[in-house]
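Next come the chains, spelled out residue by residue.
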Amino acid sequence: MLTPLLTNKELFTLLQLIKEARRIVVCAHRSPDGDALGASIGWTCYLRGLRKTTNIVMPNAFPDFLRSMPGAGMAVLFDKQNELSSHLIHEADLIFCLDFNALSRLEGMGEDIARAKAKKVIIDHHLDPDSSFTSLTISHPECSSTCEIIFRLIEQLGGFDAISHDAAAAIYTGMMTDTGGFTYNSNNPEIYTIISLLLTKGIDKDQLYRNVFNNYTESRIRLMGYVLFEKLRFLADGRASLFTLTRSDLDRFHYIRGDAEGFVNLPLQVRGNKLSISLREDTETDLIRVSLRSVGNFPCNKMATEFFNGGGHANASGGRLPWPMESAIATVEKAVEAYLPLLKTSTT
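Quick caveat, the model's predicted, so the values are computed rather than measured.

Bringing the overall build of the protein chain into the picture now. Secondary structure assignment for the protein chain yields 13 helices and twelve strands. Radius of gyration (C-alpha) of the protein chain: 20 Å, near the 20 Å computed for a compact globule of 348 residues. The principal-axis extents of the C-alpha atoms in the protein chain amount to approximately 55 × 45 × 40 Å. Every one of the 348 residues in the protein chain was classed for burial, and the buried ones make up 55%. Residue pairs at least 24 apart in sequence account for 66% of intrachain contacts in the protein chain once pairs closer than 6 positions are excluded. Accessible surface, the protein chain: about 15,400 Å² in total, of which carbon and sulfur atoms supply 50%. With 36 positive and 40 negative side-chain charges, the protein chain shows a spacing of 1 Å between the two charge centroids.

Sheet architecture is open: six strands sit in the order β3-β2-β1-β4-β5-β6, paired in parallel fashion. Strands at the two margins of the open sheet, each flanked by one partner only, are β3 (75-77) and β6 (136-139). Looking at each pair of strands side by side, their axes are set apart by 25° on average, direction ignored. Where strand β1 (residues 23-28) lies against strand β4 (residues 94-98), five bridges are found, and the strand directions are parallel. Within β4, the position partnered with Val26 by the bridge is Phe96. Sheet strands touched by helix α1 (residues 8-20): β4, β5 (119-124) and β6. Its angle to β6, the strand with the most contacts, is close to 125°. Relative to the sheet, helix α3 (residues 82-91) contacts β1, β2 (53-58), β3 and β4, its axis offset from that of β3 by approximately 115°.

This paragraph deals with the state of the cysteines. One covalent bond between the sulfur atoms of two cysteine residues makes up a disulfide. Scanning all chains against the criterion turns up zero disulfides. Free cysteine: Cys45, not disulfide-bonded; nearest cysteine sulfur from Cys147 at 11 Å. Residue classification places Cys45 among the partly exposed residues on the basis of a relative accessible area of 28%.

Once that is clear, we can look at the packing of helix α2 (residues 34-49) against helix α5 (residues 146-156). For the pair α2 and α5, the least separation of the axes is 8 Å and the interaxial angle reads 15°. On the basis of the axis angle, α2 is roughly parallel to α5. Crossing handedness for the pair α2 and α5: left-handed. From α2, Asp35, Gly38, Ala39, Gly42, Trp43 and Tyr46 reach across to α5, where they touch Thr146, Cys147, Ile150, Leu153 and Ile154. Residue classes in the contact of α2 with α5 are distributed as seven nonpolar, three polar and one charged.

Turning our eyes to something else, we now look at the layout of surface pockets. There is about 160 Å³ of room inside the second largest pocket. Every residue lining the second largest pocket is counted, 14 residues in all, and those nearest its centre are Pro141, Glu142, Cys143, Asn185 and His313.

All told, the structure shown has two cavities of 30 Å³ or more when counted by the stated rule. Here the largest cavity is characterised by a volume of approximately 40 Å³. Taken together, Phe65, Leu66, Ser68, Met69, Pro70, Thr173, Leu208, Asn211 and Val212 make up the full set of residues lining the largest cavity. Broken down by element, the residue count for the lining of the largest cavity peaks at three residues, all from helix α8 (residues 205-213). For the lining of the largest cavity, the per-class residue count stands at six nonpolar, three polar and no charged. Counted as a void, the second largest cavity has a volume near 30 Å³. In terms of residue class, the lining of the second largest cavity is made up of three nonpolar, two polar and three charged.

For the rest of this paragraph, the subject is the pattern of salt bridges. Scanning the entire structure with this criterion turns up 19 salt bridges. For the salt bridge of Glu218 with Arg222, the shortest nitrogen-to-oxygen distance reads 2.9 Å. With Glu218 and Arg222 both in helix α9 (residues 218-231) and four residues apart, this pair spans about one turn of that helix. Assigned by exposure class, Glu218 and Arg222 land together as exposed.

Definitions and limits used
Residues numbered from 1 in each chain as written. Predicted model: local features only at pLDDT ≥ 70, side-chain atom pairs only at ≥ 80, totals over all residues. Heavy atoms only, no water. Helix = DSSP H or I, 4+ residues; strand = E, 2+ residues; numbered from the N terminus. Rg over C-alpha atoms; globule rule 2.2 N^0.38 Å. Buried < 20%, exposed > 50% of the residue type's maximum accessible area, 1.4 Å probe, protein only. Contact = heavy atoms within 4.5 Å. Areas by Shrake-Rupley, 256 points an atom, 1.4 Å probe, with all protein chains shown as cover. Lys, Arg positive; Asp, Glu negative; His and termini not counted. Charge placed at Lys NZ, Arg CZ, Asp CG, Glu CD. Pairing = 2+ DSSP bridges. Axes fitted to C-alpha atoms, helices over the stretch in contact; angles between N-to-C directions. Disulfide = S-S within 2.5 Å. Parallel < 35°, antiparallel > 145°, perpendicular 65-115°, else oblique. Left-handed = near helix turned anticlockwise from the far one by under 90°. Nonpolar A, V, L, I, M, F, W, Y, C, P; charged D, E, K, R; others polar. 1 Å grid on protein atoms, 1.4 Å probe; cavity = no way out; pocket = protein on both sides within 12 Å on 5 of 7 lines; lining within 4 Å. Points joined across faces, edges and corners; volume = space filled by probe spheres on them. Salt bridge = Lys/Arg side-chain N within 4 Å of Asp/Glu carboxyl O.

Laid out in structure tokens, this is it:
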């Protein structure tokens, strides 16, 4: 039905790892997004269907607007439930690492995962996975999302009929959020075959869209207006844009986790803008969180790697800077200047 992801050897290895495991942990990256959470829920539901004791452990909380995702309540949070999280991790026989390519993406929880005796498996769609700690690495950067990979794995393993309504809703939500409502990284026709198959599980895709994109607070809307009117500036003759959010900005608008989600995409609606960058002071650490989005063939992941200690996809990347906002702004200006020739020649 779908193009198989795994070779016969990989399929055998995965089946053997699952068969031998009694206790399984599924984890995803820090500040889990819709794809990380949806993939974790979908894969956990599949494994529980095989009667495997399976728990989701996340480094910290996911955005408030994802709380309506079916199964979201299964997640144990490492930063809030440290003793339980560590117990689950160190008692596990098998750990699935979803939607991240290196243990550094887990920050503090990464040390526990590294020390755990369990065998580890990466399932991810980011570039350059670190396979040094895994028994199996399932990496497919050509896929739109980790949720797409999870669906393909379940289907290849013969588990489609057992996918529940809630698992289907979680997988669809992750695919939807990681493609901006299927507006980028989503040209593979098989993505829409997957959507049609998920719809047979009775999910309401329109309601799932509203749950994510029409489920914000009044403060978020006012913060968005403030960003667009007061904070947004354009660089490189309008080919790039930048906005900043300080802790005082966030406090002023009663920020909760996820309130700035999607803001970085908005400047790309301006004609001729090929690159959008946001700088946000983290509310928990002394870091500047960097988000980059681009259109056409401009590789914002290369810029993220070179200037912002990050990486990601060609049109959606991130990073972090361990210095004050003024220095972070200077770094953005330097990066845009370095990439100006490519900004001038890249297609939209």
